[in-house]
Each structure stands twice: as C-alpha cells, then as structure tokens.
Amino acid sequence: TYAWFFLPSFSQSPPTFGFLLDIDGVLVRGHRVIPAALEAFRRLMNSQGQLRVPVVFVTNAGNSLQHSKAQELSALLECEVDADQVILSHSPMKLFSEYHEKRMLVSGQGPVVENAQGLGFRNVVTMDELRMAFPLLDMVDLERRLKTTPLPRNDFPPIEGVLLLGEPVRWETSLQLIMDVLLSNGSPGTGLATPPYPHLPILASNMDLLWMAEAKMPRFGHGTFLLCLETIYQKVTGKELRYEGLMGKPSILTYQYAQDLIRRQAERRGWIAPIRKLYAVGDNPMSDIYGANLFHQYLQKATRDGAPEPGAGGPQQQQPSASQSCISILVCTGVYNPRNPQSTEPVLGGGQPPFHGHRDLCFSPGLMEASHVVNDVNEAVQLVFRKEGWASE
C-alpha cells in the first residue's frame, strides 16, 4: 500500500510541475491497461479522487473522438478524465483557421467527419463520397470495379485541400484518390496535362512510423502511410510533397498546445503557482522523447532570447509560456525495449541506426536520448515526485 501521509497537501504546496503522458505503450497496450498505470494513478490522485498535479494525455492516435478517448481512459485508469485533458494527433488543427471554410478531402478512419468538424472544418468530403462521385478512380480491388461506364460528373465542386487525420483502412484507395486530387488541382474527374505545383494545401497529423499494440512487434503507424504518399508523389511528379501543417509528436506545435492545456487545467483547479516544469512520459524514442527534448530546447531558447519561431508546422501560440523545461522520461512497456533497442543502437558494422522519424524533421540523434529511462509509468511518477520533493525516499 502507498503511504499518502508522506506526501504534502495542496494547501501547503501547490504543484509547479505537470505531466504529459503518452497513451499507447505507456498506459495501455491495445485495449488492455498496463498494471503499472493503475499504480501510477493511485499515486497521482488524492483521497477525494482528484488529480494532485495537472496531467494531459498526449497521443498520436487520431481515429476516435476526443470525448470518447477521455471516457475510455476514465474506465481503464479508474480516474475521471475530461475531454480537455486529451490531445489527439490532429487537435492542433484547430489553430489553422484559414482552412476551416475550405472544401477539404479528409483521410482516416473512425468518425472522420465529426473529428474534422470538431476541429473547425465546415466543408469536408470523405474518401467514400469522392469514390462514389468518381467510381472510375478506384481500380485496385477487382471486386469493386464497375462493370459499366458511368456518365461523367460536372456538378462536384473542386476540392481545395487535404486533411490527413490518421491511417485509413484501404490504403490503396486513399493513396490513389489523394494523388488524383493533387494532380488535378482538386477536380479528379477532369485531369490535367501538367500537374500543378505547388499542389493543394495538405494538413497532416501523426508522423509515427510504428506504434505498439498487443502484438509482439510494432505495427505500422500513420507515418508509414505518409511515407508511401510522399514516395509516390515524388516518383510520379519528380517533385517533393509539401505540408502546410505537420502535427502530432514530435512537432513543437503539439507541445505548445499541451502546455496551454496544462496551464488552463491548473487555473481551473485554483493552483496559483506557475507550472514551470513539464515531465513527458513516453515509450517511443522517435516521437515521445525526440519531441520532448526538442520542446525543451525551444523552451530554453525562449527563456534566453524570447519565443523563437516554432518552424514549419503551424501558427505561433498566442499565450506566453510559464514553462521553462520539458524533461523526457522513457518507459520500457511499449515500442522501446532495453533488451532489443533496435533504432536506438548502432547497426552491425558500426553504421548509423535507421532514422524512423519523418522526412521533414532535422534529425539530431542526441534528441532521442531520454533524460531518464525507467521500467514503467509508475516508476516515472515516483521519480518525478522524488525530484520535486513530493515523496520520501
């Protein structure tokens, strides 16, 4: 049992730190809660069942609704999780208001229309709607090919941009139709002799090449789908696919969004002390650790020189930050396995390990090195409490 009397009360010591917790591989594996996560949340909650420090869940998943993910976490962790504590990979798209009125093709699975509308996009077209409007485009699956030639459509308004919310189910259909839209400047029923460049704007979320579910080996993530799309576009046109916004960990924009939610959460709870330190707990060196370390660099530079530009990937955050550091903590319950580190160790022959990050990241191997490596999220919470003087040795 855990000795609560060792811990200071809020009235004596308001928190000056908060947690950014990854979900898959840290709290759950597939749909199963990791036992250490239950222990961690017993430590994080007070006797009234309230969180003792601000916590935000930062996941690169995006194929569910925010409130649904919050309900799922509440049930798994036996702790009340609010929707505004959950950041999905596409949540920062709310900031891209210049595209919210445009007619956008949306790719992903699950409640893609509801997700897009929740982000502020008011005029979205799904892959199925596009496929039904132009059935001759979807040709890979012999079973779905039309046996007759339909009349051409001229009543379908042009598409003005593409939203990539997460990995779709039928990759071949989504890859083909997105390419058709880009090559035709949004009118795939017509076709163009010369593909336009720059192409239509693309907003994408979740760059994870791999993620960890119940299987013994990691599974393809949305980053693998993006890799396919980028490679096909380059091969077909000879030009590079470009993004207007690229978000999800390790994007600085996602961490800016997360720290803003941490600040608001602290204000709602009446914790008057500024949240100076963020502790980011994750299982993926390329997304969780790289992103936390990149954001730490950003915060350090902001403290010295004023807020720098976050780089490609979105608008500047509006609210000035009180956070001064973002400490990365790597757990061994997901993608990272200390007995088989894979991408974090040199390959045979002394060469460099394969780079699993996105093409547009300026790769710095040192950013994949966590400040701390622990077995699980419960050990991570214990470590932070000790560092912050919130637990006895």
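Each remark here, short or long, concerns the structure printed above.
One structure accompanies this document, and this report is about it. (Residues numbered from 1 in each chain as written. Predicted model: local features only at pLDDT ≥ 70, side-chain atom pairs only at ≥ 80, totals over all residues. Heavy atoms only, no water.)

### A look at the packing of helix 7 (residues 252-268) against helix 8 (residues 285-305)
Moving on, step 1. Relative to each other, helix 7 and helix 8 sit at 75°, their axes nearing to 9 Å. When the axis of helix 7 is compared with that of helix 8, the two are roughly perpendicular. Between helix 7 and helix 8, the contacting residues are Ile252, Tyr255, Gln256 and Gln259 on the first element and Ser287, Asp288, Gly291, Ala292, Leu294, Phe295, Tyr298 and Leu299 on the second.
Moving on, step 2. Residue composition of the contact of helix 7 with helix 8, by class: seven nonpolar, four polar and one charged. (Axes fitted to C-alpha atoms, helices over the stretch in contact; angles between N-to-C directions. Helix = DSSP H or I, 4+ residues; strand = E, 2+ residues; numbered from the N terminus. Parallel < 35°, antiparallel > 145°, perpendicular 65-115°, else oblique. Contact = heavy atoms within 4.5 Å. Nonpolar A, V, L, I, M, F, W, Y, C, P; charged D, E, K, R; others polar.)

### Remarks on the environment of Asp283
Moving on, step 1. Checked against the element boundaries, Asp283 lands in the loop between strand 13 (277-282) and helix 8.
Moving on, step 2. Spatially, the C-alpha atoms of Asp283 and Val331 are 5.1 Å apart, while their sequence positions differ by 48 residues.
Moving on, step 3. Dropping the residues within four chain positions of it, Asp283 is found in contact with Asp22, Asp24, Gly25, Val26, Met212, Asp288, Leu330, Val331, Gly334, Val335 and Tyr336.

### With respect to the sheet that holds strand 8 (residues 161-164)
Moving on, step 1. Pairing is parallel in the open sheet, where five strands are placed in the order 7-6-8-9-12. Edge positions in the sheet fall to strand 7 (124-126) and strand 12 (245-247), since each of these pairs with one other strand and no more. Averaged over all neighbouring strand pairs, the angle between strand axes comes to 20°, with direction disregarded.
Moving on, step 2. Bridge analysis of strand 9 (residues 202-205) against strand 12 gives three bridges, and the strand direction is parallel. (Pairing = 2+ DSSP bridges.)

### Overview of the side chain of Asp376
Moving on, step 1. By the element assignment, Asp376 lies in the loop between strand 15 (372-374) and helix 9 (377-387).
Moving on, step 2. Despite its burial, Asp376 remains without a salt bridge, the nearest opposite charge being carried by Arg43 at 8.1 Å.
Moving on, step 3. Only 3.1 Å separates the side chain of Asp376 from the backbone nitrogen of Asn378, close enough to count as a polar contact.
Moving on, step 4. The residues touching Asp376, leaving out its near neighbours within four places in the chain, are Ala36, Val331 and Thr333. (Buried < 20%, exposed > 50% of the residue type's maximum accessible area, 1.4 Å probe, protein only. Lys, Arg positive; Asp, Glu negative; His and termini not counted. Salt bridge = Lys/Arg side-chain N within 4 Å of Asp/Glu carboxyl O. Polar contact = N/O pair within 3.5 Å; in protein donor to acceptor, adjacent residues only side chain to side chain.)

### Re the packing of helix 5 (residues 171-183) against helix 6 (residues 222-237)
Moving on, step 1. Between helix 5 and helix 6, whose axes approach to 11 Å, the crossing angle comes to 45°. Taken as axis vectors, helix 5 and helix 6 run oblique relative to one another. Considering the relative orientation of helix 5 and helix 6, their crossing is right-handed. Along its contact with helix 5, which presents Trp171, Ser174, Leu175, Ile178, Met179, Leu182 and Leu183, the element helix 6 presents Thr224, Phe225, Cys228, Leu229, Ile232, Tyr233, Val236 and Thr237.
Moving on, step 2. Taken together, the residues of the contact of helix 5 with helix 6 sort by class into 12 nonpolar, three polar and no charged. (Left-handed = near helix turned anticlockwise from the far one by under 90°.)

### Quick notes on the pattern of salt bridges
Moving on, step 1. One pass over the structure, following the stated rule, counts 17 salt bridges.
Moving on, step 2. Of the charged contacts in the structure, one is a salt bridge between Arg242 and Glu240, with a shortest N-O distance of 2.2 Å.
Moving on, step 3. By relative accessible area, Arg242 is classed as partly exposed at 38%.
Moving on, step 4. One salt-bridge network, held together by shared partners, links Asp128, Arg131, Asp138 and Arg144.

### Observations regarding the sheet that holds strand 15
Moving on, step 1. Spatially, six strands are ordered 5-4-1-13-14-15 in an open sheet, and the strand pairing comes out parallel. With one partner strand each, in any of the chains shown, strand 5 (86-87) and strand 15 form the two edges of the open sheet.
Moving on, step 2. Pairing of strand 1 (residues 17-21) with strand 4 (residues 55-58) involves three bridges; the strand directions are parallel. Among the inter-strand pairings, Leu21 is bridged to a residue of strand 4, identified as Phe57.
Moving on, step 3. Against the sheet, helix 8 engages strand 13 and strand 14 (325-331), with an angle of about 165° to strand 14.

### Describing the pairing of strand 4
Moving on, step 1. On strand 4, burial covers both faces: Val55 and Phe57 on one face and Val56 and Val58 on the other are all buried.
Moving on, step 2. As paired strands, strand 4 and strand 5 are joined by two bridges and run parallel to one another. Following the sheet pairing, Val58 is matched in strand 5 by Ile87.
Moving on, step 3. Handedness of the strand 4-helix 2 (residues 66-77)-strand 5 crossover: right-handed. (Right-handed = clockwise from strand over helix to strand, strands pointing away.)

### Structural notes on helix 6
Three or four residues apart is the spacing at which side chains of an α-helix point the same way, because the helix has 3.6 residues per turn.
Moving on, step 1. Over its 16 residues, helix 6 runs 22 Å from end to end, which matches the ideal 22 Å to within 8%, given 1.5 Å per residue.
Moving on, step 2. Along helix 6, the residues that are buried comprise His222, Gly223, Thr224, Phe225, Leu226, Leu229, Glu230, Tyr233 and Thr237.
Moving on, step 3. One or two residues past the end of helix 6 sits Gly238, with phi positive at roughly 80°. (Expected span 1.5 Å × (residues − 1).)

### Some points on empty space enclosed by the protein
Moving on, step 1. Per the counting criterion, the structure on display carries two cavities of 30 Å³ or more.
Moving on, step 2. In this structure, the second largest cavity spans a volume of roughly 60 Å³.
Moving on, step 3. As for the second largest cavity, its lining consists of Leu20, Leu21, Asp22, Val58, Lys249, Tyr255, Ala280, Val281, Gly282 and Asp288.
Moving on, step 4. Contributions of two or more residues to the lining of the second largest cavity are made by strand 1 and strand 13.
Moving on, step 5. The dominant element in the lining of the second largest cavity, judged by the number of residues it contributes, is strand 13, at three residues.
Moving on, step 6. The residue makeup of the lining of the second largest cavity, split by class, is six nonpolar, one polar and three charged. (1 Å grid on protein atoms, 1.4 Å probe; cavity = no way out; pocket = protein on both sides within 12 Å on 5 of 7 lines; lining within 4 Å. Points joined across faces, edges and corners; volume = space filled by probe spheres on them.)

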